[in-house]
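Observations on the model geometry
In case you want the letters, here they are:
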Amino acid sequence: MITARAAASFEPVGRSVASARTFVRDTLQGWGLADVVDDAVVLTSELVTNAVVHAGTAAEVVCVRAEDGVRVEVGDRYPERELPLEGNGRQYANPDREGGRGLLLCAALASRWGVEYTAARKRVWFQLDLPDRPAGTRSAGPALPAHALPVADARVRVAVLQIDRAGALSAWNDDARELFGYAAEQVVGKPLTDFAAWPHTPGTSTGIAEALRLSRWEGSYGVRGADGRVIPVYASHLRVRDADGEPSTVCLLVREHERAVLQSPTRGAAPDAVSAPERGTPTDAFEVFIGSPAPDDLDGLLQRTVERARDMLDGDAAYLLLATDDETELEVRASTGLPSARQRFARVPVEAGTGRYGSARMPAVHEDLGVVPGAVPLLANTGMRSVVTVPLKVEGRLTGSLGVAAEAPGRYSNEEALRLQFAADRIALAVESARLTELERLRRGSLSFLVEASDLLAGTLDRDQTLALMAQMTVPTLATWCAVYTIADQTSEPELSYVLHEDEDRIDGLKALLSKVDPPEPVRTGARVWTAPSEAANAAALRTSLRSLNLGESARPSSGPGASLATASAVGGETVVLPLVARNRVIGMLTLGKPTDEHFRQEILELAEDLSRRAALALDNARLYSERTAISQSLQRSLLPPELPTVPGVEVEVIYRAAGEGNEVGGDFYDLFPIRDGAYGFAIGDVCGTGPEAAAVTGLARHALRLLAREGFGGPAVLERLNAAILDEGARSRFLTLLYGELWPQRDGSAILKVVCAGHPLPLRLRPDGGVEPAAEPQALLGVMEDLELYEQTVTLEPGDVLLCVTDGVTERREGSRMLGDDGLTDVLTTCTGLTAGAVAARVLRAVERFAPDPPSDDMAILAMRVPELTEPAELAVSQEP
């Protein structure tokens, strides 16, 4: 018989998988089915992934609760992809592969499952049975003497209300009239929300309206009486239906201090805890705050804690967060009075800012959050103005944070912080103990860990970052320390690549120890025990201890054995080695270790093996990416000229900057090379476009210039033949601006240049007196027309003259609508009189970088040549005439 149903649809996008997991978790938590929540979430995650990621359609998720279990259905609109049915003898999936695990998990975790087809859709369903519980185990209490029973008024009044489908009151008994002051005719037909205050729904929602839609609910809120006062009540709700199937909710309410009448299990102190019989209350500080007996599950304990904390300080909201393993984030685990956006498992950073108000590690009182916005991120946009927060600590370690908030500013002082801290100290150990119990009981939650691990590993292609992620995912979740060995190829020995220990002070000692131990033998399958680290650590500690007692063979002064003993303790437990196998090749080993006298549980080893398979594939992908990046960079460097030659009597300086992260070569290029004795060729150019096509033209141009010039062709002939070669590239051709010239140093200290400027920014000549003038005339660019009529111009550089050649990345440097331009470059060059060629190029580059705050978006090449001023004729091997 179906007792409840919930449904939701999800779009075919990746984030829908997480939304579906949240929907199923919240639905089952609201139904009180915590025992099957994790299995249901894991199976839903896999099936919705198949629908929205692989099938590419929207997914509909339906949760149906029956008397003996819960059924979850995942439907999509891709029925033509056949799925194997249970029991037909076919293999559902290979557990080592990413695809098809949903059916395998259904077969492993579900009580029953199957696939149903219609003409328009396909539906995969699974059912999880609820564990049997002996009758009365959740409500029975110990026999108590009369003086130990909870105190109640002589006449206990239980208000009985009935709420119809629309949330309106349909019944109101006499006790309700006595408790709240309303006659039945005053309230029947009106919604309960008109009278309810402090709305709260544990775990899934926040309003009393939502609580009324749950099958069963129990908790505290308030009811506004006829005199306007809010009367705290403890309520128990039960949703029923009549013979016609019409649903309604029966609500039983008592005064808050009489909650023992309705609360399940019945409150009462254990006999050995009662030391003040005349008061009839327990004396244990924890039980005084949390109530006795305490809830036997973590969620119930946390929810009880926030309710009591809110009531203790008369707040409007309260919340409790638990620290993650690394204590860098706090996870919302229970709240009351906060909107639905602040649901369980949301995370906030431990350190939200600097100073006292930004830390979760000490008590903090926030008198007005409007003055310090963002001080408590969890309360942003909630309407809360004042809040007091205190840490939960166990043996000095931060385990969580407890906060109580109010809508009015200035509600709390240090006195309230001390009261709340006292309560937090009483419950911290119990909360931590319950949390550890939950982790053990929910062992199957490790599958969710693998899903998250796969997402992290898939998010990077950097080898070092992948190694770090592998280690950080295992420490301390799976092991106390971790070492990753990598194997470059089949002939290489394993190399220690990464070491991590949960105590950072132990990392260096552990790394030093492992570097002295022969690496484990690479084995393709299975986890195996490796004793070498613990044996080496114990031997080293023994030798150090003997030396410290002057009993060893070493003649060195004795030193304390603390470091060696600490390392031995860190690796003294069990150490296991798991192979990293990717693409049918062992690429390394993942080594996990425990401290002294600790061993790995079998389920942890199974989880580690699953993680190692995913990590190996991610590491191999990072290796392939690194290799291809190295090849790309090598090819890019091949497009740059080798070391520039020394030109007698001429200073030459080149500065080259390629735009874009990781790029060494762009569309700009330069070259300087000897043609024959006493003659040199130089070029600076810019290829249109970017990417491999532009790089191909860059390489073609540079090599063609050298070849043609050394064959004896003059400047115009060289460029005309290069133009023809570019046009022969067809669709891959790119137009090219190019300044090409030939340089002859002269015995009198001058230099003669013959240049051709094919569509390129004109070269500028700087004279010793500061005058700047173009050194060539513009001509047609290359790669556009077949027939070019180019000519060369002769320029003589006298001693002290500078010739500056740049690409348009310099002149077109922009900041908004401003551009450096030819005039700006001229102004910069006029300030360079008397400078060397290197100083001239550096000053131009500095002017370009300072022109705008943003990094340059275009490639830049700067070629500066200067003829030094000579005090006497230089004896150089130069040509007199070009």
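Description of the structure in this document.

Thoughts on the overall build of the chain
- Looking only at helices and strands, the chain has 20 helices and 35 strands in total.
- Scored against the burial criterion, the 882 residues of the chain give a buried share of 47%.
- Counting contacts in the chain only where the partners sit at least 6 residues apart, residues at least 24 apart contribute 61% of the total.
- For the chain, the exposed area adds up to about 42200 Å²; of that, 50% sits on carbon and sulfur atoms.

Examining the sheet that holds strand E29 (residues 772-774)
- A sheet is described by the order of its strands in space; here 5 strands give the open sequence E23-E35-E32-E28-E29, paired in antiparallel fashion. Here the strands that pair on one side only, and so sit at the sheet edges, are strand E23 (651-657) and E29. Strand-to-strand, the axes of this sheet are offset by a mean angle of 20°, without reference to chain direction.
- Strand direction decides the pairing type here: strand E28 (residues 764-766) and strand E32 (residues 802-806), joined by 3 bridges, are antiparallel. Residue pairing for E32: Leu764 is matched across the bridge by Leu804.
- Packing against the sheet, helix H19 (residues 821-830) makes contact with E28, E29 and E32, and its axis sits at approximately 25° to E28.
- The strands that helix H20 (residues 837-851) touches are E23, E32 and strand E35 (860-866); relative to E23, the one it contacts most, it runs at about 25°.

Re the environment of Gly228
- Note on placement: Gly228 falls in the loop between strand E9 (216-224) and strand E10 (230-241).
- Taking the C-alpha atoms as reference, Gly228 lies 9.7 Å from Phe180; in sequence the two are 48 residues apart.

Brief notes about the sheet that holds strand E18 (residues 481-486)
- If you walk across this open sheet you meet the 5 strands as E19-E18-E22-E21-E20, and the pairing is antiparallel. At either end of the open sheet lies a strand with only one pairing partner, and these are strand E19 (495-501) and strand E20 (528-529).
- Taken together, the 2 bridges between E20 and strand E21 (residues 575-582) define a ladder with antiparallel strand orientation. Residue pairing for E21: Val529 is matched across the bridge by Val576.
- Helix-sheet contacts for helix H11 (residues 463-474) involve E18, E19, E21 and strand E22 (585-593), and the interaxial angle to E19 is about 45°.
- Packing against the sheet, helix H12 (residues 507-516) makes contact with E18 and E19, and its axis sits at approximately 150° to E19.

Regarding the nonpolar core
- Counting residues in hydrophobic clusters, the biggest one holds 36 residues, and the most contacted among them are Leu28, Val61 and Phe126.
- For this core, the elements supplying multiple residues, two or more each, are strand E1 (2-10), helix H1 (15-30), helix H2 (37-55), strand E2 (59-66), strand E3 (69-76), helix H3 (101-109), strand E4 (112-117) and strand E5 (122-129).
- Here the element with the most residues in this core is H2; it accounts for 9 residues.
- Setting aside residues no more than four positions away along its own chain, Leu28 makes contact with Leu33, Val36, Val37, Ala40 and Val70.
- Of all hydrophobic cores here, the second largest spans 31 residues; its members include Leu467, Leu469, Val576 and Leu580.

Looking at the packing of H19 against H20
- Remark: H19 packs on H20, axes separated minimally by 10 Å, with the N-to-C direction vectors making an angle of 135°. Judged by the angle between their axes, H19 and H20 are oblique. Between H19 and H20 the crossing geometry is right-handed. On H20, the residues touching Leu825, Val828 and Leu829 of H19 are Val840, Arg843, Val844 and Ala847.
- For the contact of H19 with H20, the class distribution of residues is 6 nonpolar, no polar and 1 charged.

Topic: H1
- For H1, which comprises 16 residues, the first-to-last C-alpha distance of 23 Å matches the rise-based estimate of 22 Å (1.5 Å per residue) to within 8%.
- Those residues of H1 that fall on the buried side of the exposure criterion are Ser16, Val17, Ala20, Phe23, Val24, Arg25, Thr27, Leu28, Gln29 and Gly30.

Here we look at the packing of aromatic side chains
- The full count for this structure, using the stated rule, is 6 aromatic pairs.
- The interplanar angle of 80° and the centroid separation of 6.2 Å between the aromatic rings of Tyr485 and Trp530 together place this pair among those described as edge-to-face. Residue Tyr485 is found in strand E18, and its partner Trp530 is found in the loop between E20 and helix H13 (532-548); the two are separated by 45 residues along the sequence.
- Counting every residue linked through ring pairs, the aromatic cluster contains Trp172, Phe180, Tyr182 and Phe195.
- Sitting over the face of the ring of Phe422, Arg426 holds its NZ or CZ atom 4.5 Å from the ring centroid.

As for unusual backbone geometry
- The step from Val475 to Pro476 runs through a cis peptide bond, and the omega angle for that step is 0°.
- Looking at the element boundaries, Pro476 is found in the loop between H11 and E18.
- Even without a glycine there, the phi angle at Asp314 is positive, about 55°.
- Locating Asp314 in the fold gives a position in the loop between helix H8 (298-312) and strand E12 (317-323).

Conventions adopted
- Residues numbered from 1 in each chain as written.
- Predicted model: local features only at pLDDT ≥ 70, side-chain atom pairs only at ≥ 80, totals over all residues.
- Heavy atoms only, no water.
- Helix = DSSP H or I, 4+ residues; strand = E, 2+ residues; numbered from the N terminus.
- Buried < 20%, exposed > 50% of the residue type's maximum accessible area, 1.4 Å probe, protein only.
- Contact = heavy atoms within 4.5 Å.
- Areas by Shrake-Rupley, 256 points an atom, 1.4 Å probe, with all protein chains shown as cover.
- Pairing = 2+ DSSP bridges.
- Axes fitted to C-alpha atoms, helices over the stretch in contact; angles between N-to-C directions.
- Core = buried A, V, L, I, M, F, W, Y, C linked by side-chain atoms within 4.5 Å.
- Parallel < 35°, antiparallel > 145°, perpendicular 65-115°, else oblique.
- Left-handed = near helix turned anticlockwise from the far one by under 90°.
- Nonpolar A, V, L, I, M, F, W, Y, C, P; charged D, E, K, R; others polar.
- Expected span 1.5 Å × (residues − 1).
- Phe/Tyr/Trp six-rings, centres within 6.5 Å; stacked < 30°, edge-to-face > 60°.
- Lys NZ or Arg CZ within 6 Å of the ring centre and 35° of its normal.

As far as function goes, none of this settles anything; it's purely spatial.
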